[in-house]
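This is what each chain is made of:
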Amino acid sequence: MKKATKWVIEDAEHKGIYWPSAELKNKAWVSDTAIYAQADKDPPAFWAKLAGEGIDWYRKWRKVYEEKPPHFKWFIGGKLNASYNCLDRHINTWRRNKAAIIWEPETTGARNRVLTYYDLYLQVNKFANVLKSLGVGKGDRVVIYLPMIPEVNIVMLACTRIGAIHSVVFSAFSHQALNDRIKSAEPKIIVTADGYYRDGQPVNLKPNVDEAVAGTNISQAIIIKETGKAIKMIKGRDLWWHELMAQADNYCEPEVMDSEDQMFILYTSGTTGKPKGVIHTTGGYMTQAYWTTKWDFDLHDEDVFWCTADIGWITGHTYNCYGPLACGATMVMYEGAPDYPQPDRWWQIVAKYGVTILYTAPTAIRMFKQYGDEWPAKHDLSTLRILGTVGEPIDRAAWMWFFEHIGGSRCPIIDTWWQTETGGILINALPGIGPHIPTVAGRSFPGIRLEVFDEAGKPLPPGENGYLVGKSPFAPGLLRGIHHDPKRYREQYFVQYGNDIYFTNDGAIKDEMGNFRLTGRVDDVIKVAGHRLTTAEVENAITSHPSVTESAVVPIPDDIKGQVPLAFAKLKAGVQPSRKLAAEIIERVDKTIGPTCRPARVLFVSDLPKTRSGKTLRRVLKNLISNQPIGNITTIANPQSIEELKKSLASEANK
Ligand code: WTA
């Protein structure tokens, strides 16, 4: 392996703290800490400068920021187009022939593809014309149900080109979950594929689509031929992508969008079982996507950027599409399973394309760590310069393994905190500034105001555990609403501490230097292998089984996935618990939401602890499971349920 530059060095006095080396500082876009104070003096002025420098506007805004909490606007009156910023502005420069997307299929061989910026531009223009010819226009919704193939970027960019609002649904979600999202988003069109490859096998997507679309307002389904397996095409509704594209014109004028026009909706889990459609608008989102990609990852033109997130999640939207493409970067996209055909697949990809920036999730790191050090050791990973993680708190052991075995003890790890709602990263240590400390994410991005509050809304001093909140002016990329549910927007984020404080629903501790350590969700959202879901969604799926009357789901720790759901089920009178029933319940969850949310176990109980108003006390269940003190139970309406639960847990443990 060739000797690589040491981008980060350990603090000799404070072991376990890493600072950028002189090389990294010299190369970095940002290396002077003064930027934080400068930005904080006047965040709108700071963001206005960034928006002007990073994004091309058809017309400049007349006012930078306006708020009437909980509502706010950025770059008022500004006009732009996201697709133009990701494509058109590059094709008139030397980047025209630069690789935009290097696509690695799961099964290697002739299917590999490299799309230059010009290739991508052409395809996006054509598909934008296809959408238009089918009657899709500004403000219409398009649902995208696609695997990790470059067409997913093409469709997203084609939508934003014509001002259509895309809503991507994770391709491993079930037809039921897809149907729920279609019913809420009300698109006329869905874009999908016949299938994709996973673990070496073709997986069919089309039957899911047929079930999900039935009874909705979707008039047209556009199908990409990916696996080539025989599928049933429904006459009048289903259209082949390649046939439509063959007839489409090469140029489609980008729609001039207002800064506050909706750009996309992405469904995510909230505190109830109903997923919420998070709304992002154009100007603020694009500005934050561009600058966080450039500064947080210290992205330069010669870098090869690989974000391993699926496009179905916000990380895929911002760091597998809009951020890197707006920056004119080269990005790697991988179709398949991380350990197919062997546990060194990712490391082989890093070596094959000379990846310099790798952005992934702690759950993947824990999985590779468990596979063993020999797998990354087989490959030359010396091109790597910057590593990143997202999605959940990273534990020290996973951080150190990533640092040593993937980064060769030379690369900084940026632990990035953010949410579907924030649109882009809000917290991490900047590579040219540091410090990089295992389990500590870092400072908030310049011009972003975050604080740790106690229950009553008082800012907490350093070192004390509280709730992470966002203060005015709100981040440019922060959500502007929830689709068809303005009430929920307010109730979910702006009630806890009032109209003018954004409540993240995360716990955090701040240190003397202003670094944040995240301590996990404080609501009923759980993170399974980095995927976000609510206990209520899983509970709804379980109680849809005819033998179940009630259910409660709590997270339990898992070595690889971080957390997994554990289900409690109360059966109808006369129904006996059985292994078969437990298997059926698990199958229900698979079918209703998808296997990502599958409970690790189902425990049958005769009663669940409840408050007097009938709310299930999940906290009590969580404590019982983890052998913690149960805590205050004066609010329990049925204290005998606790004793019964203890008994059934003991008998379960003895099984
Ligand atoms: C959690 C993912 C600790 C957090 C981009 C947040 C993290 C939720 C981190 C949002 C991190 C994300 N450290 N926790 N670096 N990053 N989280 O919407 O609980 O899928 O609220 O967005 O993930 O998950 P979402």
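Everything discussed here concerns the structure shown above.
All chains use their own residue numbering, which begins from 1 and follows the written sequence. Note on the predicted model: pLDDT of at least 70 is required for a residue's local features to be given, and 80 or more for side-chain atom pairs to be given and counted; whole-chain, interface and lining totals, by contrast, use all residues. Only heavy atoms go into the side-chain values, all of them from the structure, while hydrogens and water stay out.

Another point: the site of the ligand. Whether a residue is near a molecule or strand depends on its heavy atoms: it is near if one of them lies within 4 Å of it. Inspection of the region around the ligand gives 17 residues, with D415, T416, T420, D506 and R532 positioned closest. Here a nitrogen atom of the ligand sits 3.5 Å away from a polar atom, N or O, in the main chain of P393. Here a nitrogen atom of the ligand sits 2.7 Å away from a polar atom, N or O, in the main chain of T416. Note on areas: these come from Shrake-Rupley sampling with a 1.4 Å probe, and a residue is covered only by the protein chains present in the view. Notes on the ligand: free accessible area 520 Å², of which the protein chains cover 97%. Mapped onto the shell around the ligand, the elements with two or more residues apiece are α11 (314-326), β22 (413-416) and β27 (516-521). In this count, Pro and Cys sit with the nonpolar residues alongside Ala, Val, Leu, Ile, Met, Phe, Trp and Tyr, while Asp, Glu, Lys and Arg are called charged and the others, Gly among them, polar. Broken down by class, the residue content of the shell around the ligand amounts to six nonpolar, five polar and six charged. N or O atoms within 3.5 Å of each other form a polar contact, as long as, within protein, one can give a hydrogen and the other can take it, and as long as residues adjacent in sequence are counted only when both atoms are side-chain atoms. Here a helix means four or more residues in a row that DSSP labels H or I, a strand means two or more in a row labelled E, and each is numbered from the N terminus.

Let us now look at a nonpolar patch on the surface. Patch construction takes residues with relative accessible area above 30% that form no salt bridge. Like charges are linked within 9 Å, and nonpolar side chains (Val, Leu, Ile, Met, Phe, Trp, Tyr) are linked within 5 Å. When a carboxyl oxygen of Asp or Glu lies within 4 Å of a side-chain nitrogen of Lys or Arg, that pair is called a salt bridge. A contiguous nonpolar surface patch, about 270 Å² in accessible area, is contributed by I9, W19 and M513. Among the secondary structure elements, I9 is positioned in strand β1 (residues 8-10). According to the relative accessible area criterion, I9 is partly exposed, its value standing at 39%. Relative accessibility thresholds used throughout: buried, under 20% of the residue-type maximum; exposed, over 50%; partly exposed, between the two (1.4 Å probe, protein chains only).

In this section: the pattern of salt bridges. Throughout the structure, instances matching the rule amount to 42 salt bridges. Among the salt bridges present, the one from D56 reaches R89, with a minimum N-O distance of 3.3 Å. Separated by 33 residues along the polypeptide, D56 in the loop between α3 (43-54) and β3 (63-68) and R89 in helix α4 (residues 82-91) bring together distant segments of the chain. For D56, a relative accessible area of 31% corresponds to the partly exposed category. Through salt bridges with shared partners, a single ionic network connects K206, D210, R237 and D238.

Here, strands pair whenever DSSP counts at least two bridges between them. Read across the open sheet, the seven strands follow the order β7-β6-β19-β18-β20-β21-β22; overall the sheet is mixed. The open sheet has two edge strands with one neighbour each: β7 (113-116) and β22. Taking each pair of neighbouring strands and ignoring which way they run, the sheet shows an average axis angle of 20°. Pairing between strand β6 (residues 99-104) and β7: four bridges, direction antiparallel. When the bridges of β7 are listed, I101 appears paired with L115. Convention adopted: a line fitted to C-alpha atoms gives each axis, helices being fitted over their contacting stretch, and angles between N-to-C directions are expressed from 0 to 180 degrees.

Coordinates in, geometry out; function isn't part of it.
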